[in-house]
Amino acid sequence: MTELLAESPLIVSLMLGVLAIGLLYGWLQTGKKPLAAAGLLVALCVPAAWAISENWVTDRERIEMVIHQLAIAVESNDHDTALAIIADEATQRQAAAELPQWIFSEAKVGSIRSIDITNDMDPAQADVDMTVKVQFSSKRGGMQNIRVPRRLLLTFEKRGDNDSIYGGWVVIRYRHLPIVGNADGYTTTPIPTSL
């Protein structure tokens, strides 16, 4: 319910609006003042729901912020910023070996298919399944301005509190592969995180 309030204020507002209209309609039919007071009170909760939603940042929204910061860093070929968001050493080495091979001219988040947060682990983890659109050239010059969509699987871990950068969420594993079909020549093999 808290995620609904924090992430979907339109749905909450519609439910509150229907309830307010029902209470006010009941007042018009019966003339009972408590129904009118309740209807007005519920109607006043609609802007409150929007205010709460604007000021309450959930873990899912924090993860989306990390994803968009990663896309900006990759697009501007800022490898240091991209690597700083990766907390696992083996995964960071993997990315440090891959990124310098390419010059990116575009890196956009297509759609985030799912963000599955597992809070019963210590620390909490989240698995993200998303699509990205990239345009890149090879530093060796073999490929120029190739535009491809890719499926990107990320595993996040919460290392820190909500006040730390990105709410403490960092990448510990990633894998990219074609949008459909099996792995291709560019598909990464996930490296297990070090314990």
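Because the structure is predicted, anything quoted here is derived from the model rather than measured.

A. View of the layout of surface pockets. The volume enclosed by the largest pocket comes to roughly 780 Å³. Around the largest pocket, the lining is made up of 30 residues, and of these E98, L99, F104, L152 and H176 lie nearest the centre. Secondary-structure elements contributing two or more residues to the lining of the largest pocket are α4 (59–75), α6 (89–98), β1 (102–118), β2 (125–138), β3 (146–158) and β4 (169–178). In the lining of the largest pocket, the residues fall into 24 nonpolar, three polar and three charged. Taken as a whole, the second largest pocket spans an internal volume of roughly 190 Å³.

B. A nonpolar patch on the surface, seen in detail. A cluster of nonpolar side chains, L10, L14 and W50, forms an exposed patch at the surface whose accessible area comes to about 310 Å². Note that L10 resides in helix α2 (residues 9–30).

C. Spotlight on the packing of α2 against helix α3 (residues 33–55). In contact at an axis separation of 7 Å, α2 and α3 are set at 170° when each is read in the N-to-C sense. Classified by the interaxial angle, the pair formed by α2 and α3 is roughly antiparallel. The handedness of the crossing between α2 and α3 comes out as left-handed.

D. A look at the nonpolar core. In terms of nonpolar packing, the biggest core is built from 31 residues, with I63, I67, V128, M130, L154 and F156 touching the most fellow members. For this core, the secondary-structure elements that each account for two or more residues are α4, α5 (79–84), β1, β2, β3 and β4. Sorting elements by how many residues they give to this core places α4 first, with seven residues. Aside from chain neighbours lying at most four places away, what touches I63 is I115, I117, A126, V128, F156 and W169. By size, the runner-up hydrophobic cluster in this structure holds six residues, among which are V12, L16, V42 and A49.

Cut-offs used in this document
Residue indices follow the written sequence of each chain, beginning from 1 at its first position. Totals for whole chains, interfaces and linings use every residue, but because this is a predicted model, local features are given only for residues with pLDDT of at least 70 and side-chain atom pairs only at 80 or more, for both listing and counting. Values shown for side chains rest on all heavy atoms present in the structure; no hydrogens or waters enter the calculation. Space inside and on the surface of the protein is sampled on a 1 Å grid over the protein atoms alone, with a cavity defined as a set of points where a 1.4 Å probe fits but cannot get out and a pocket as an open set with protein on both sides within 12 Å along at least 5 of 7 lines; lining residues have an atom within 4 Å of a point. Grid points are joined across faces, edges and corners, and a volume is the space filled by probe spheres set on the points. Every helix listed is a DSSP run of H or I at least four residues long, and every strand listed is a run of E at least two residues long, numbered separately from the N terminus. Each residue gets one label: Ala, Val, Leu, Ile, Met, Phe, Trp, Tyr, Cys and Pro are nonpolar, Asp, Glu, Lys and Arg are charged, and the others, such as Gly, are polar. Each patch is assembled from residues with relative accessible area greater than 30% and no salt bridge, linking like charges that lie within 9 Å and nonpolar side chains (Val, Leu, Ile, Met, Phe, Trp, Tyr) that lie within 5 Å. What sets the accessible areas is the Shrake-Rupley method with a 1.4 Å probe; for residues, cover comes only from the shown protein chains. In what follows, salt bridge is the name for a side-chain nitrogen of Lys or Arg lying within 4 Å of a carboxyl oxygen of Asp or Glu. The axes used here are C-alpha line fits, helices contributing only the stretch in contact, and every angle between their N-to-C directions lies in the interval 0 to 180 degrees. By definition in this entry, angles of less than 35 degrees are roughly parallel, angles greater than 145 are roughly antiparallel, angles of 65 to 115 are roughly perpendicular, and the rest are oblique. In this scheme the handedness of a crossing depends on how the near helix is turned from the far one: anticlockwise by less than a right angle means left-handed, clockwise means right-handed. Residues belong to a common nonpolar core when they are buried Ala, Val, Leu, Ile, Met, Phe, Trp, Tyr or Cys residues joined through side-chain atoms within 4.5 Å. A 1.4 Å probe rolled over the protein chains alone gives each residue an accessible area, and that area as a share of the maximum for its type sets the label: buried under 20%, exposed over 50%, partly exposed in between. Any two residues whose heavy atoms approach within 4.5 Å are treated as being in contact.

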